[in-house]
Amino acid sequence: MPNPGLLVLFGSQTGTAQDVSERLGREARRRRLDCRVQALDSYPVVNLINEPLVIFVCATTGQGDPPDNMKSFWKFLFRKNLPLTSLCQMDFAVLGLGDSSYAKFNFVAKKLHRRLLQLGGSALLPVCLGDDQHELGPDAAVDPWLHELWEKVLRLYPILPGLDVIPPGVPLPSTFTLRFLQEAPTACSEEQHAATTDPANTPSELQPFLAPMVTNQRVTGPSHFQDVRLIEFDITGSRLSFSAGSVVLIQPENTDSHVRRFCEVLGLDPDQYFTLQAREPGVSCPVQLPQPCMLRHLVARYLDIASVPRRSFFELLACLSPHELEREKLQEFSSAQGQEDLHEYCNRPRRTILEVLCDFPHTAAAIPPDYLLDLIPRIRPRAFSIASSLLVHPSRLQILVAVVQYQTRLREPRRGLCSSWLASLDPGKGLVRVPLWVRPGGLTFPKTPDTPVIMVGPGTGVAPFRAAVQERVAQSMTGLPCASPGNILFFGCRWRDQDFYWEAEWRGLEERGCLVLITAFSREQEQKVYVQHRLRESGPLVWELLDRQGAFFYLAGRKVASLALSQLPTLPGSSRCCVSRWRHGPEGPCCAYVAHCLGAIIISHSI
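Residues numbered from 1 in each chain as written. Predicted model: local features only at pLDDT ≥ 70, side-chain atom pairs only at ≥ 80, totals over all residues. Heavy atoms only, no water.

The chain appears in an unreviewed UniProt entry as NADPH-dependent diflavin oxidoreductase 1 from Erinaceus europaeus. Turning to the chain, the UniProt record has this under Subunit (unreviewed entry): "Interacts with CIAPIN1; as part of the cytosolic iron-sulfur (Fe-S) protein assembly (CIA) machinery." (UniProt positions renumbered as here; feature names shortened; annotations may be inferred.)

(A) Just helix H1 (residues 16–30), in detail. The end-to-end C-alpha distance of H1 is 21 Å, a good match for the 21 Å that 15 residues give at a rise of 1.5 Å each. Burial analysis of H1 places 11 of its 15 residues in the buried class, the great majority of the element. Of all the residues in H1, the buried ones are Ala17, Asp19, Val20, Ser21, Arg23, Leu24, Gly25, Arg26, Glu27, Ala28 and Arg30. Check the buried side of H1 and you find it contacts strand S1 (6–11), strand S2 (35–39), strand S3 (53–59), strand S4 (91–98), helix H4 (139–156) and helix H8 (311–320). The first or second residue beyond H1 is Arg32, which carries a positive phi of 65°. (Helix = DSSP H or I, 4+ residues; strand = E, 2+ residues; numbered from the N terminus. Expected span 1.5 Å × (residues − 1). Buried < 20%, exposed > 50% of the residue type's maximum accessible area, 1.4 Å probe, protein only. Contact = heavy atoms within 4.5 Å.)

(B) How the structure looks around the UniProt feature "binding site: FAD" (unreviewed entry) in the chain. According to UniProt, the feature "binding site: FAD" (unreviewed entry) maps to Arg350, Arg382, Ala383, Phe384, Ser385, Gly416, Leu417, Cys418, Ser419 and Trp582 in the numbering used here. Along the chain, Arg350 turns up in the loop between helix H10 (339–347) and helix H11 (353–359). Contact partners of Arg350, with chain neighbours within four places excluded, come to Val308, Glu355, Tyr406, Thr408 and Arg414. Residue placement: Leu417 occurs in helix H14 (residues 417–424). Relative accessible area serves as the criterion here: at 12%, Leu417 is assigned to the buried category.

(C) Layout of the packing of H1 against H4. The N-to-C vectors of H1 and H4 enclose an angle of 30°; their axes lie 12 Å apart at closest approach. On the basis of their axis angle, the class for H1 and H4 is roughly parallel. Note on packing geometry: the crossing formed by H1 with H4 is right-handed. Contacts between H1 and H4 involve Arg23, Leu24, Glu27 and Ala28 from the former and Asp139, Val142, Asp143, Leu146, Leu149 and Trp150 from the latter. Of the residues assigned to the contact of H1 with H4, the class counts are 6 nonpolar, no polar and 4 charged. (Axes fitted to C-alpha atoms, helices over the stretch in contact; angles between N-to-C directions. Parallel < 35°, antiparallel > 145°, perpendicular 65-115°, else oblique. Left-handed = near helix turned anticlockwise from the far one by under 90°. Nonpolar A, V, L, I, M, F, W, Y, C, P; charged D, E, K, R; others polar.)

(D) The sheet that holds strand S19 (residues 487–493), seen in detail. One open sheet accounts for 4 strands, arranged S20-S19-S18-S21; its pairing is parallel. Unpaired on one side and paired on the other, strand S20 (516–521) and strand S21 (552–555) mark the two borders of the sheet. Here the average twist between neighbouring strands, direction ignored, is 10°. The sheet strands contacting helix H15 (residues 463–477) are strand S18 (453–456), S19 and S21, and the helix crosses S18 at an angle near 155°. (Pairing = 2+ DSSP bridges.)

(E) How the structure looks around the sheet that holds strand S13 (residues 382–385). The strand order across the open sheet built from 6 strands is S13-S10-S17-S8-S9-S14, with neighbouring strands paired in antiparallel fashion. Each edge of the sheet is formed by a strand with only one pairing partner; in this case those strands are S13 and strand S14 (396–402). Direction aside, neighbouring strands of the sheet carry axes that sit 40° apart on average. Pairing of strand S9 (residues 228–234) with S14 involves 7 bridges; the strand directions are antiparallel. The residue of S14 that forms the bridge with Asp234 is Arg396.

Below, the structure is given as structure tokens:
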């Protein structure tokens, strides 16, 4: 049977699903299969009826949500008017990536598998459920599943006579070629590339807004263990619009010292210019890179050299290594049998790509520049909850950033790329611009302030609730009615005088009757007190608002959300009727809040 071509479609939020998909693409090409790898929303979904062989790789985000780059596909696939024979010609397999500590573990993959079957597709295998909580990560489930997948695929579409599987040690051609220029271009391509942003368009990942940073203020006390920053940007003229619950995405950069070290280890001239060309037709060059591009720009703003490398990194590095001892170790790390050793070497201490390259100097010095974009993933934007309302701070956008730094067994502390980069910027020394754009978040608040909201936001998790309170208070001042009490905030931190964010603002709103503030300072007494304790103490108020006034309930922070949700049905003041509706779902108009509670809205702050 002729080779039909394999299509790999992925939905990825953090890059793991994309990495697995690219691995599938490489393994397919080694088996002489034509293979296309695309994000789900970049694929014309109406063409799916003509695809004979498709592998879907999808992550589950939040509370059972599809990743951003598959939401359009998801919406289309679940249209009720699709014929149940739409995909009757398609063989498919679904590989899911999730985290079993969440209630809706791999929900997207499971639901997708069922829907494809409903539409007539033929499953090659049961759905694969990769689990980030496994000690070996998702590969513990992915490896045996892929082995069985290729056996099935090759039985359906055998390799043509005279051809063999390309051995793992032989590198496949690079996706791109870098052609170095003998002379620097007369005009700065980086500046021209930034200037191509159309001010008439709403900022996006492809065209971020270069927002001037106005302030960068530490808001934790000098003796506090963590550096937390309140950062404000000027978004005048940006066409950015957002409401409470929205998030801002920020594109960070590598540090100058890391860029220099990377270029030294690989023997590259950071000031050299190059042009990028794709080897295969239909493959586009990254739009984030100007043409021509300086190597310094590529390393500083595109290659994620500060990330922890995945297994695929070691696989390709082993193929490129000319050094026997280093190659053997790299091959061990990329093998299924070597995953425990790789976890100990890399994942547990959070060793970065740059540090690995320094540990394998002979291999690093021999890496052909053409393979840089295959070897190292791009820097992904980081999302932060917006902590301000445009109704209160017009043309401004504020975020609360905890600077990530921690120690492992490695000598150098581990640092969050984006939070550390943002903390290093000083608008007092000159103009600082940060590329950013906004999108809706997982939180949606009532449209009118007469519906009560209960918010549980310890630490930096309080950021989106500040935006919500500001917005709701401003709306009530414009004539919209405000419930009493309309805004109930449970806030927790360690010390009142060290990390009580926006204390003066909260107190002022309390005095005006716009906020009920309930605090928990965990370290100010012998026995630690957290927000879940305050929640239990306020049980009668909470259940009165939920059961009688249809309040919305919000939580921020994964750990506290899990504890608070488990306690909520047993809080003092809850009736048997309330608890029944809480556990079994809404039964009438008065239970509108239940769906919001069971949605367990959780905010996570990226680094």
